[in-house]
Amino acid sequence: MARFRVEGFLADSMLGRLTRWLRLMGYSVEYASSEWSDAKIMEYCNSKGLFLLTRDRELSKRYSNSFYVRSENLNDQLAQFLSEFFPSRDLFFTRCPLCNGKTSRVPMSQVSDRVPDGVRSRYDSAFVCHNCGKVYWEGTHYDSILKTINSIITRL
Ligand SMILES: [Zn+2]
């Protein structure tokens, strides 16, 4: 498959976990409601220049800027995606996994009223989503996410 220059991605409603992981890696991924018809999905992707990720093989045949996500297994899905769209480490943790908003790193003092005590004292900085306001920090979850991503990338 050719490497497309895309503005972003639309994932269908079967791909919620993959969507959150790709956002963590900095990809802009919108999420289609399960109520959307195939026609609406294709029209939406077309109008916004989005590449479609879908578990629906028929739909992927009808819409050329798309691929059929073969597996139900998250690691396999990530491997399939990353073999087409290689990630950039600079973009990791620049997007909110919940809402797709952009995040930036801020000093912990700016968000200290919004994190648990233990976090406040252990980390100097945090990430804040510009869209929904959620605060993230480099906890154990962060390390395990990086480990998973790295292990998938090295096997590509
Ligand atoms: Zn957010």
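Residues numbered from 1 in each chain as written. Predicted model: local features only at pLDDT ≥ 70, side-chain atom pairs only at ≥ 80, totals over all residues.

This brings us to the overall build of the chain. Within the chain, the regular secondary structure consists of 7 helices and 7 strands. Written out in order from the N terminus, the α and β elements of the chain read β-α-β-α-β-α-β-α-β-α-α-β-β-α. Expressed as a percentage of the 156 residues in the chain, the buried residues total 24%. (Helix = DSSP H or I, 4+ residues; strand = E, 2+ residues; numbered from the N terminus. Buried ≥ 20, exposed ≤ 12 C-beta atoms within 10 Å, placed from the backbone.)

The next point concerns the sheet that holds strand β5 (residues 103–107). Reading across the sheet, the 3 strands line up as β5-β6-β7 and stay open at both edges, with antiparallel pairing between neighbours. The open sheet terminates on both sides in strands that have one partner only, identified here as β5 and β7 (135–136). Two elements, β5 and strand β6 (residues 125–129), share 5 bridges in a ladder whose sense is antiparallel. Note that in β6 the partner of valine 106 across the bridge is alanine 126. (Pairing = 2+ DSSP bridges.)

A few words now on the environment of glutamate 43. Within the element layout of this structure, glutamate 43 appears in helix α2 (residues 38–48). As a C-alpha pair, glutamate 43 and threonine 103 span 60 residues in sequence and 28 Å in three-dimensional space.

This part takes up the pairing of strand β3 (residues 50–54). The buried fraction of β3 is high, at 5 of 5 residues. The two faces of β3 match: Leu50, Leu52 and Thr54 on one face and Phe51 and Leu53 on the other face are all buried. Bridge analysis of strand β1 (residues 8–11) against β3 gives 4 bridges, and the strand direction is parallel. Counterpart to glycine 8 in the pairing with β3 is leucine 50. With respect to chirality, the unit in which β3 leads through helix α3 (residues 57–62) into the neighbouring parallel strand β4 (residues 66–68) is right-handed. (Right-handed = clockwise from strand over helix to strand, strands pointing away.)

Moving on: helix α4 (residues 74–84). Within the sequence span of α4, burial applies to Gln77, Leu78 and Phe81. One face of α4 carries all of its buried residues, which in axial projection span an arc of 95 degrees. Summarising the contacts, the buried residues of α4 are in contact with α1 (16–24) and α7 (140–154). (Arc of directions from axis to C-beta. Contact = placed C-beta atoms within 7 Å.)

In this section: the nonpolar core. Phe9, Leu10, Ala11, Leu22 and Leu52 are the most contacted members of the largest nonpolar core, which totals 23 residues. Contributions of two or more residues to this core are made by β1, α1, α2, β3 and α4. If near-sequence neighbours (up to four positions away) are discounted, leucine 10 is found in contact with Glu30, Ala32, Ile41, Tyr44, Cys45, Leu50 and Leu52. (Core = buried A, V, L, I, M, F, W, Y, C linked by C-beta atoms within 7 Å.)

It is worth spelling out the domain arrangement of the chain at this point. With domains assigned, the chain is organised as domain 1 (8–90) and domain 2 (103–154). The partner domain 2 presents 4 residues to the 6 residues of domain 1 that form the contact. Per-element tally for the side of domain 1 that touches domain 2: the top contributor is α4, with 4 residues. In terms of residue class, the side of domain 1 that touches domain 2 is made up of 5 nonpolar, 1 polar and no charged. (Domains from an automatic or database assignment. Nonpolar A, V, L, I, M, F, W, Y, C, P; charged D, E, K, R; others polar.)

With that settled, the discussion passes to the sheet that holds β3. The strands making up a sheet associate through hydrogen bonds between their backbones, and the pairing can be parallel or antiparallel. Read from one edge of the open sheet, 4 strands run β2-β1-β3-β4, paired in parallel fashion. Only two strands of the sheet have a single neighbouring strand rather than two, namely β2 (29–31) and β4. The mean inter-strand angle of the sheet, taken between neighbouring strand axes irrespective of direction, is 20 degrees. Two strands pair when backbone bridges link them, and β1 and β2 are joined in this way by 3 bridges, in the parallel orientation. Bridge pairing in β2 links leucine 10 to glutamate 30. Against the sheet, α1 contacts β1 and β2, and its axis sits at roughly 155 degrees relative to β2. (Axes fitted to C-alpha atoms, helices over the stretch in contact; angles between N-to-C directions.)

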